[in-house]
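As a plain string of letters, each chain reads:
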Amino acid sequence: MGASDYISSFYEVSNLEEAMKKILTPEAGLSPSDRWEIETPIITEMLADRLRLTPNKNLIDYGCGVGRLAKELVAKTGCNVVGVDISRSMRAFSNLYCETDAFFSCSKNSLQRLIDNGWQVDHAFSVWVLQHAANPTEDIDLIYNALLDGGTFFVMNLSHRCLPTAAGWEDDGINIKELIEQRFDVIEYFSPPKNAAPNLTNLMTFCGVYQKPRKIDNSF
């Protein structure tokens, strides 16, 4: 599949209801709102536990959408979250939805400028996002550079690619696990918690926790 086939505007929305339908598709008889209500607290708990979040920790929600997970994580742990998304409309809605000074959203370009000025965070997470990314190598590199040495990166992702194109959802064959493992050390892989996704989606989903390698000081 050529890059020109990718519909970059697919995730632009006009309201929160439309955003919900883009973020969580109907599955197994569950509506997007059903999934939102059931899955969000489960995934929030998993993120807080696996990343060992504590108050005032800084993290990136890569592919934040309207901030459904960021909002809950801030409320639960007192952390600070920077949401990153390709969709201008999703970013705009995220600041309204999260309703907290502990969250703001930005584009990939803005994140790169922050990194260029020395800004880095303790943790990052990406939930069902990299499977849809047009250039996942670029995204993974950006997350890597945004993390402090020893910082952790949580990923929840389909095992296959699912790209929005004019012909529907397509798989370009890129292996997200392999791309992440080229940059990060693997801490653990595990299956999603029960009810964190519809049964079929759950079977096709992997969860991973990774760490940015610490630099070795050879000055002595």
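Residues numbered from 1 in each chain as written. Predicted model: local features only at pLDDT ≥ 70, side-chain atom pairs only at ≥ 80, totals over all residues. Heavy atoms only, no water.

Student: Is there a simple way to think about the side chain of Asp122 in this case?
Tutor: Within the secondary structure, Asp122 is located in strand S4 (residues 121-127). One buried charged side chain, Asp122, makes no salt bridge at all; its nearest oppositely charged neighbour is Lys57, positioned 4.0 Å away. Beyond its immediate sequence surroundings of up to four residues, Asp122 is in contact with Lys57, Asn58, Leu147, Leu148, Gly151 and Thr152. (Helix = DSSP H or I, 4+ residues; strand = E, 2+ residues; numbered from the N terminus. Buried < 20%, exposed > 50% of the residue type's maximum accessible area, 1.4 Å probe, protein only. Lys, Arg positive; Asp, Glu negative; His and termini not counted. Salt bridge = Lys/Arg side-chain N within 4 Å of Asp/Glu carboxyl O. Contact = heavy atoms within 4.5 Å.)

Student: Please clarify how the sheet that holds strand S9 (residues 205-211) should be interpreted in this entry.
Tutor: One key point about sheets: their strands pair by backbone hydrogen bonds, in either a parallel or an antiparallel sense. The strand order across the open sheet formed by seven strands is S3-S2-S1-S4-S5-S9-S8, and the pairing between neighbours is mixed. Looking at the sheet topology across the chains shown, the edges are occupied by strand S3 (103-106) and strand S8 (185-190). Each strand of the sheet is rotated relative to its neighbour by a mean of 20 degrees, with strand direction disregarded. Across five bridges, S8 lies against S9 in antiparallel orientation. (Pairing = 2+ DSSP bridges. Axes fitted to C-alpha atoms, helices over the stretch in contact; angles between N-to-C directions.)

Student: I keep staring at the state of the cysteines and nothing clicks. Help me out?
Tutor: What is meant by a disulfide is a covalent connection between two cysteines, made through their sulfur atoms. By the definition in use, this model includes zero disulfides. Here Cys106 stays unpaired: no disulfide links it, and the sulfur of Cys64, its closest cysteine neighbor, is 8.2 Å away. The thiol sulfur of Cys162 is not disulfide-bonded, and the nearest other cysteine sulfur, from Cys207, lies at 17 Å. (Disulfide = S-S within 2.5 Å.)

Student: Sorry, what's going on with the packing of helix H1 (residues 16-23) against helix H2 (residues 32-50) here?
Tutor: Remark: H1 packs on H2, axes separated minimally by 9 Å, with the N-to-C direction vectors making an angle of 75 degrees. The pairing of H1 with H2 is recorded here as roughly perpendicular in orientation. Judged by residue contacts, Met20, Lys21 and Ile23 of H1 engage Pro32, Ser33 and Trp36 from H2. The class makeup of the residues in the contact of H1 with H2 is four nonpolar, one polar and one charged. (Parallel < 35°, antiparallel > 145°, perpendicular 65-115°, else oblique. Nonpolar A, V, L, I, M, F, W, Y, C, P; charged D, E, K, R; others polar.)

These figures capture arrangement, not role.
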